[in-house]
Amino acid sequence: MNNFLLLPIIIPFFFGMILMFGQKKLAYQRITALFGLVISIVCAFALLATVYENGPQSVTFGSWPVPFGITMVSDTVSALLVLTTLILAFFIVWYGFGSIGKQREQFFYYPGVMFIITGVNGAFTTGDIFNLFVFFEVLLMSSYLLIVLGGEKAQLRESIKYILVNVISSALFVITVAFLYSVVGTLNMADISEKITEVNQPGILTVIAVLFLMVFGMKAAIFPLYFWLPSAYSAPPIPVLALFGALLTKVGVYAIMRTYTLFFTHDLSYTHELLLILSIITIIAGCIGALAHFDVKQIIIYNIVIAVGVILFGVAQMNEVGLEGAMFYLIHDMIIKAALFMLIGIVIYVTGTTNLRKMGGLMKTYPALGWFYLIAAFGLAGVPPLSGFIGKLLIVQGGFQAGNIWTSIFILASSLVVLLSVIRIFIYAFWGEQGQLSKEINKTTYNRLFFPTMLLVIVSIFYGVGTELIMPFMEDAAKILTDPSIYNDAVMKGGE
């Protein structure tokens, strides 16, 4: 049944509602949250299998004919992202048992996580451009709760900036959707694609495409709109930072990927050339930030910016290999960023500081932590056979096919900067003389943090080593992105 594609959205929402009750009962909150995520993961696996076997699935609410009703669509692109989101949420929630703190757990932390997942999965699944705005607002409202949870001074200060940026971005989003509707007369994304094809994207639609790039670029943190990200993301506790770093910017990246492959495809020399230039500058800005800081949080946060640039470079090539690489690298980055934030959370817990200069010698006392961090760092930088290598290789291959030789070489060179930035953490924190150690280290708490982190790093290893099993899904996703008619036919003919 087509309605099945709604379950990864409805289940987290349902569990978020029931978690609003019994806030003081920690066992109930934890078990219910994990149970809801496990059910959602099972449904997401089944949905991915269905979409891969039978093609994109769609459902239109209220028995309205397409394109007048609100349509939800699941293709391989969205199904892969939904599944990844739920798996990461499971590990992050599990990790949070040992680090988020009981006071936060008892103040709507778990409902906040469930509602943010509802918004993220809804944004990945919606087939309506206005509903994309609605799901953005759902995840943003939940993120407003999570970013201030605990009420620390730094959180409250940075939350003001975060809210202001997103309010402005959301206002611009609504205005841009209104402009688009005034030109094409529809909000259904498949219908928009067909209408723009009929008129061959005149100049006004190219302007609207640039406005959408600004809107989604602010959410994805591309240059020069990433200014809010480093300080805002460093304020909340590590589990919230891992959730934000793994998911929120990726929704903006997905929105650019979807709109720039589905309907803004008729003026590539302007729209996609602009995207390519901005992606390169974004990588440069992220590299500078990652090398300039000695704060472990900031180093990994700036690597978010670098990854966004790399993924969008793949999207800008508009060929099957480049988009396959962008899709593979997008999921790789979601997994590896969650793992890295969880790893540095353990380092901060053990040392009691985020300052690299005060750390040192952890390899003597926590060797397993050091080696798992090194594996994750190599995965981020793209050392073969880990997943970062596969995705970046495909993106560069796509760049060569599109004739962008020098910028593709630059993408390869940026891997050295990424490696340098994360290896600095390894050298400063794990080698040398014994540095600062926290006086509040508890072995049970440490094990609670380390075990889910270790499993997530193993998942990232499998994602790279098991590429042969995963590539058919990526190839199918790339075909859908390069051929909008597959998506359009599934919606226009199958959504009644």
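Above this note sits the structure.
Below is a summary of the structure that appears in this document. By convention here, each chain's residues receive numbers from 1 onward along its written sequence. Local features in this predicted model are restricted to residues whose pLDDT is 70 or higher, and side-chain atom pairs enter the listing and the counts only when it is 80 or higher, whereas totals over whole chains, interfaces and linings include all residues. With hydrogens and water excluded, all non-hydrogen atoms of the structure serve as input to the side-chain values.

A few words now on the overall build of the chain. Secondary structure counts use DSSP, requiring at least four H or I residues in a row for a helix and at least two E residues in a row for a strand, with both numbered from the N terminus. Secondary structure assignment for the chain yields 21 helices and two strands. Restricting the calculation to C-alpha atoms gives the radius of gyration, and the globule rule supplies 2.2 Å times the number of residues raised to the power 0.38. Taken against the 2.2 N^0.38 rule, which gives 23 Å for 496 residues, the C-alpha radius of gyration of the chain at 22 Å falls within 12% of a compact globule. Taking the principal axes of its C-alpha atoms as reference, the chain extends roughly 65 × 55 × 45 Å. A total of 496 residues make up the chain; the buried ones form 63% of that total. Accessible area is worked out with a 1.4 Å probe on protein chains only. A residue is then buried under 20% of its type maximum, exposed over 50%, and partly exposed in between.

Below, the discussion takes up the packing of helix H17 (residues 387-401) against helix H18 (residues 405-430). Here an angle of 0 to 180 degrees is reported between the N-to-C directions of two axes, which are lines fitted to C-alpha atoms, with helices fitted over the stretch in contact. Contact pair H17 / H18: the axes reach a minimum separation of 8 Å and the direction vectors enclose 165 degrees. Comparing their axes, H18 and H17 come out roughly antiparallel. Considering how the two elements wind past one another, H17 and H18 form a crossing that is left-handed. Contacts between H17 and H18 pair Lys392, Val396, Gly399 and Phe400 from the former with Ile405, Ser408, Ile409, Ile411, Leu412, Ser414 and Ser415 from the latter. Gly counts as polar in this scheme, as do all residues outside two lists: the nonpolar Ala, Val, Leu, Ile, Met, Phe, Trp, Tyr, Cys and Pro, and the charged Asp, Glu, Lys and Arg. Looking at side-chain class alone, the contact of H17 with H18 contains six nonpolar, four polar and one charged residues. Any angle that is under 35 degrees is reported as roughly parallel, and any over 145 degrees as roughly antiparallel; angles of 65 to 115 degrees are reported as roughly perpendicular and all others as oblique. For any pair of crossing helices, the crossing counts as left-handed if the nearer helix is rotated counterclockwise from the farther one by less than a right angle, and right-handed if it is rotated clockwise. Here a residue-residue contact requires only that any non-hydrogen atoms of the pair lie within 4.5 Å.

The next point concerns a nonpolar patch on the surface. Among the surface-exposed residues, Trp371, Ile427, Tyr428 and Trp431 lie close enough to one another that they form a single nonpolar patch of about 430 Å² accessible area. With respect to the element layout, Ile427 can be found in helix H18. Judged by its relative accessible area of 47%, Ile427 is partly exposed. What goes into a patch is any residue over 30% in relative accessible area without a salt bridge, connected to like charges within 9 Å or, for nonpolar side chains (Val, Leu, Ile, Met, Phe, Trp, Tyr), within 5 Å. Exposure was quantified through the Shrake-Rupley algorithm and a 1.4 Å probe, taking into account, for residues, occlusion by the shown protein chains and nothing else. Basic side-chain nitrogens of Lys or Arg form a salt bridge, by our definition, when they fall within 4 Å of a carboxyl oxygen of Asp or Glu.

What follows deals with unusual backbone geometry. Of note, the bond from Phe223 into Pro224 is cis; its omega dihedral lies within 30 degrees of zero at -5 degrees. Here Phe108, not a glycine, exhibits a phi torsion of approximately 65 degrees, which is positive. Relative to the assigned elements, Phe108 resides in the loop between helix H4 (102-105) and helix H5 (109-125). Positive phi is not limited to glycine here, since Ala221 has a value of about 70 degrees. Within the secondary structure, Ala221 sits in the loop between helix H9 (203-220) and helix H10 (229-234).

Each nonpolar core is a collection of buried residues, namely Ala, Val, Leu, Ile, Met, Phe, Trp, Tyr and Cys, held together in the definition by side-chain atoms within 4.5 Å. Judged by nonpolar contacts, the single largest core of 188 residues is most densely connected at Tyr233 and Tyr373. The greatest single-element share of this core, amounting to 22 residues, is contributed by helix H14 (residues 320-351). Discounting residues that sit within four places of it in the chain, Tyr373 has contacts with Leu340, Leu343, Ile344, Val422, Ile425, Phe426 and Phe430.

Take the pattern of salt bridges next. All chains considered together, the criterion is met by eight salt bridges. In this structure, the salt-bridge partner of Arg258 is Asp75, at a minimum N-O distance of 2.9 Å. In this pair, Arg258 sits in helix H11 (residues 238-262) while Asp75 sits in the loop between strand S2 (71-74) and helix H3 (76-96), placing the two residues 183 residues apart along the sequence. Residue classification places Arg258 among the buried residues on the basis of a relative accessible area of 3%. Here Lys250 makes a salt bridge to Asp333, at a shortest N to O gap of 3.2 Å. Pair noted here: Lys250 is in helix H11 and Asp333 is in helix H14, with a separation of 83 residues, a long-range link. Both residues of the pair, Lys250 and Asp333, count as buried.

Helices are assigned an expected span. That span is 1.5 Å times one less than the residue count. Relative to the 21 Å expected for 15 residues at 1.5 Å per residue, H17 spans 22 Å between its end C-alpha atoms, a close match to the ideal helical length. Two residues or fewer past H17, Gly403 is found with a positive phi of approximately 85 degrees.

On to the packing of helix H6 (residues 129-148) against helix H7 (residues 153-184). The contact between H6 and H7 brings their axes to 11 Å, and the two run at 175 degrees. In terms of their interaxial angle, H6 and H7 are classed as roughly antiparallel. On H7, the residues touching Ile129, Phe130, Leu132, Phe133, Phe136, Glu137, Leu140, Ser143, Tyr144, Leu146, Ile147 and Val148 of H6 are Gln155, Leu156, Ser159, Tyr162, Ile163, Asn166, Val167, Ser170, Phe173, Val174 and Val177. In terms of residue class, the contact of H6 with H7 is built from 17 nonpolar, five polar and one charged.

Two numbers describe a pair of aromatic rings. These are the distance of the centres and the angle of the planes. Only Phe, Tyr and Trp rings are paired, with Trp represented by its six-membered ring, and only when their centres lie within 6.5 Å; those with planes under 30 degrees apart are stacked, over 60 edge-to-face, the remainder tilted. Under the definition given, this model contains 37 aromatic pairs. Ring geometry for Tyr109 against Tyr110: centres 4.9 Å apart, planes inclined by 70 degrees, an arrangement best described as edge-to-face. Tyr109 sits in the buried class, given a relative accessible area of 1%. Under the relative-accessibility criterion, Tyr110 is labelled buried at 1%. Geometrically, the ring pair formed by Tyr260 and Phe264 is edge-to-face, given 5.9 Å between the ring centres and 70 degrees between the ring planes.

This brings us to the side chain of Ser279. By secondary structure assignment, the location of Ser279 is in helix H12 (residues 268-292). Not counting residues up to four positions away in its chain, the partners in contact with Ser279 are Gly309, Leu312 and Phe313.

Once that is clear, we can look at the environment of Gln155. The topology assignment puts Gln155 in helix H7. Between the C-alpha atom of Gln155 and that of Phe451, which follows or precedes it by 296 residues, the distance is 28 Å. Those residues in contact with Gln155, other than ones at most four positions away along the chain, are Arg104, Leu146, Ile147, Val148, Leu149, Gly150, Ala235, Pro236 and Pro237.

Moving on, we get to the side chain of Arg104. Assignment of secondary structure puts Arg104 in helix H4. Residue Arg104 is classed as buried on the basis of its relative accessible area of 14%. Think of a polar contact as two N or O atoms within 3.5 Å of one another; within protein, one of them needs to be a possible hydrogen donor and the other a possible acceptor, and neighboring residues in sequence only count if both atoms come from side chains. One polar contact links the side chain of Arg104 to the main-chain carbonyl oxygen of Ile100, over a distance of 3.5 Å. In terms of polar contacts, Arg104 uses its side chain to reach the side chain of Glu152, at 3.2 Å.

Taking 1.5 Å of rise per residue, 25 residues should cover 36 Å, and H11 covers 36 Å from first to last C-alpha, within 8% of that figure. Bending is quantified residue by residue as the angle between axes fitted to the seven-residue window ending at that residue and the seven-residue window starting at it. Considering bend angle alone, the principal kink of H11 is centred on Phe244 and spans about 35 degrees. With 25 of 25 residues buried, H11 lies mostly within the body of the structure.

The two faces of S2 match: Thr71 and Val73 on one face and Met72 and Ser74 on the other face are all buried. Strand pairing follows a simple DSSP-based rule, namely that at least 2 bridges must link the two strands. As paired strands, strand S1 (residues 57-60) and S2 are joined by four bridges and run antiparallel to one another. Within S2, the residue paired with Ser58 across the bridge is Val73.

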